[in-house]
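# Structure at a glance
Single-letter residue listing:
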Amino acid sequence: MEGSYQKLKKIRMQNGLSYEDMAKRLEISKCYYWQIEHKRRRLYYDMALKITSIFNLKPDDLFYETSPLDK
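So, here's what we can say about the structure. Since the model is a prediction, treat every value here as computed from it, not as a measurement.

Given 3.6 residues per helical turn, the α-helix brings residues three or four places apart onto the same face. Buried residues of helix H4 (residues 45-54): Met-47, Ala-48, Ile-51, Thr-52 and Ile-54, and no others. Down the axis, H4 shows its buried residues gathered within 150 degrees of arc, on one side only. Packed against the buried residues of H4 are helix H1 (4-14), helix H2 (19-26), helix H3 (30-37) and helix H5 (59-63). Phi for Asn-56, located one or two positions after H4, is positive at around 55 degrees.

So, in structure tokens, the structure goes:
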């Protein structure tokens, strides 16, 4: 089973988005986004909501291990 952060990277790449694309959409720096995706910066709920809204998902879909996306 892949972890939440691997799922985040996988979904980002499947949607053809770069770190820079995500950062622009989230109105944060590219470095800040990279740190989130690589577990070097804590992911707060409000940022999780912003990230998942880009992909039309709910935070549970992406950040809980038992998500249907794990299958």
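There's plenty left to go through after this.
Time to look at the packing of H1 against H3. Running from N to C, H1 and H3 point in directions that differ by 130 degrees, and their axes come no closer than 9 Å. Between H1 and H3, the interaxial angle falls into the category oblique. Mapping the contact onto sequence places Tyr-5, Leu-8, Lys-9 and Arg-12 in H1 and Tyr-33, Ile-36 and Glu-37 in H3. Broken down by class, the residue content of the contact of H1 with H3 amounts to four nonpolar, no polar and three charged.

Take the side chain of Thr-52 next. Assignment of secondary structure puts Thr-52 in helix H4. For Thr-52, the contacting residues outside a window of four places in its chain are Leu-57, Lys-58, Pro-59, Leu-62 and Phe-63.

So, on to the nonpolar core. If you look at the biggest cluster of nonpolar residues, it comprises 17 residues, and the most contacted ones within it are Met-22, Leu-26, Tyr-33, Ile-51 and Phe-55. Among the secondary structure elements, those contributing two or more residues to this core are H1, H2, H3, H4 and H5. Of all the elements, H4 adds the most residues to this core, at four residues. For Phe-55, the residues in contact, after removing those within four places along its chain, are Leu-8, Ile-11, Arg-12, Asn-15, Leu-17 and Met-22.

It is worth spelling out unusual backbone geometry at this point. Positive phi outside glycine occurs at Glu-27, with the angle close to 60 degrees. Among the secondary structure elements, Glu-27 is positioned in the loop between H2 and H3. For Asn-56, which is not a glycine, the phi torsion comes out positive at approximately 55 degrees. In this structure, Asn-56 sits in the loop between H4 and H5.

So, how was this worked out
- Residues numbered from 1 in each chain as written.
- Predicted model: local features only at pLDDT ≥ 70, side-chain atom pairs only at ≥ 80, totals over all residues.
- Heavy atoms only, no water.
- Buried < 20%, exposed > 50% of the residue type's maximum accessible area, 1.4 Å probe, protein only.
- Helix = DSSP H or I, 4+ residues; strand = E, 2+ residues; numbered from the N terminus.
- Arc of directions from axis to C-beta.
- Contact = heavy atoms within 4.5 Å.
- Axes fitted to C-alpha atoms, helices over the stretch in contact; angles between N-to-C directions.
- Parallel < 35°, antiparallel > 145°, perpendicular 65-115°, else oblique.
- Nonpolar A, V, L, I, M, F, W, Y, C, P; charged D, E, K, R; others polar.
- Core = buried A, V, L, I, M, F, W, Y, C linked by side-chain atoms within 4.5 Å.

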